[in-house]
Amino acid sequence: MAEVKIEPSWKEVLQSEFTKPYFEALVLFLRQEKARQKIIYPKGSEIFNAYLHTPYPKVKVVILGQDPYHGEGQAHGLAFSVNDGVPIPPSLKNIYKEIQDDIGTIPPNSGNLTRWATQGVFLLNTCLTVEKDKPFSHKDKGWELFTDATIRALNEKKEPIVFLLWGKPAQSKEKLITHSHHLVLKAAHPSPYSADKGFFGCRHFSKTNDFLKENGLSPIEW
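Small disclaimer: the values here were computed from a predicted structure and weren't measured. (Residues numbered from 1 in each chain as written. Predicted model: local features only at pLDDT ≥ 70, side-chain atom pairs only at ≥ 80, totals over all residues. Heavy atoms only, no water.)

Draft legend 1. A look at the side chain of Asn-155. Relative to the assigned elements, Asn-155 resides in helix H6 (residues 143–155). The contact partners of Asn-155, leaving out residues within four places of it in the chain, are Phe-163, Leu-176, Ile-177, Thr-178, His-179, His-181 and His-182. (Helix = DSSP H or I, 4+ residues; strand = E, 2+ residues; numbered from the N terminus. Contact = heavy atoms within 4.5 Å.)

Draft legend 2. Layout of the packing of helix H2 (residues 21–35) against H6. Interhelical geometry of H2 versus H6 gives an angle of 130° and a closest axis separation of 9 Å. With respect to their mutual orientation, H2 and H6 come out oblique. Between H2 and H6 lies a crossing of left-handed hand. Within the contact between the two elements, H2 uses Tyr-22, Phe-23, Leu-26 and Leu-30 and H6 uses Trp-143, Leu-145 and Phe-146. (Axes fitted to C-alpha atoms, helices over the stretch in contact; angles between N-to-C directions. Parallel < 35°, antiparallel > 145°, perpendicular 65-115°, else oblique. Left-handed = near helix turned anticlockwise from the far one by under 90°.)

Draft legend 3. Broad picture of the sheet that holds strand S6 (residues 183–187). The strand order S3-S2-S5-S6 describes an open sheet built from four strands, whose pairing is parallel. The sheet terminates laterally at strand S3 (121–125) and S6, the two strands that pair on one side only. Adjacent strand axes in the sheet meet at a mean angle of 20° when their direction is disregarded. With three bridges joining them, strand S2 (residues 61–65) and strand S5 (residues 162–166) adopt parallel strand pairing. Across the sheet, the residue bridging to Ile-63 is Leu-164, located in S5. (Pairing = 2+ DSSP bridges.)

Draft legend 4. Quick look at the packing of helix H4 (residues 90–103) against helix H8 (residues 204–214). Running from N to C, H4 and H8 cross one another at 60°; their axes reach a closest spacing of 8 Å. It follows that H4 is oblique to H8 by the angle criterion. Residue-level contacts link Ile-95, Glu-98, Ile-99, Asp-102 and Ile-103 of H4 to His-204, Phe-205 and Ser-206 of H8. In terms of residue class, the contact of H4 with H8 is built from four nonpolar, two polar and two charged. (Nonpolar A, V, L, I, M, F, W, Y, C, P; charged D, E, K, R; others polar.)

Draft legend 5. Representation of H4. With 14 residues, H4 should reach 20 Å at 1.5 Å per residue; the first-to-last C-alpha distance of 20 Å fits that figure. Looking at the residues trailing H4, positive phi occurs at Gly-104, about 85°. (Expected span 1.5 Å × (residues − 1).)

Draft legend 6. Structural view of the pattern of salt bridges. Scanning all chains against the criterion turns up ten salt bridges. Between Glu-17 and Lys-20 there is a salt bridge, and its shortest N-O distance comes to 2.9 Å. The exposure class assigned to Glu-17 is buried, which follows from its relative accessible area of 9%. One salt bridge in this structure joins Arg-36 and Glu-33, with 2.7 Å as the shortest N-O distance. The exposure class of Glu-33 is buried, given its relative accessible area of 5%. The network of salt bridges with shared partners includes Glu-33, Arg-36, Lys-38, Glu-131 and Lys-134. (Salt bridge = Lys/Arg side-chain N within 4 Å of Asp/Glu carboxyl O. Buried < 20%, exposed > 50% of the residue type's maximum accessible area, 1.4 Å probe, protein only.)

Below, the structure is given as structure tokens:
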């Protein structure tokens, strides 16, 4: 069994996943790719950053992405987020635009969303790694089974969670969210190709905060 360096509360919740054949095969695949000198993003210490910054008991909001950014210096383990000093990607620019239109918050100069993660926004990609310059290159290698297990674990939380599902791939995970005390909000993906088909104007950020306040939870400072 591979020793997985993941935040303790998540390690406890997901313990059974680490010994399953799919996870062992995934670890083997990543080791083989590294041995073949493939460049993989994010770097190993940041693969589980979403889990590290948002421990299981603290999750209030889930935003689902697909796979990590595949350009150099971009991905750091949080969906839609990039490191400080990296140009803000188009989808995140559109997210910032919707936040400004929805609640009036002026967009920051940085695309680093760690400040959301530490407030309880779990920024989960359905795949947690990617090969440099090859989007979806680690699709169907096992990550989806692991992140589906993550969503199921969140569904079991007694405290209410807001799930923001943008675009069809994220919305396909709705079937994993079965408890009615959670709130599921759906919209088009914020990509420039689809943002004007229902992401702009969705008002998910004010709706999320209204729901959190109604349930006695502190709102997110977007």
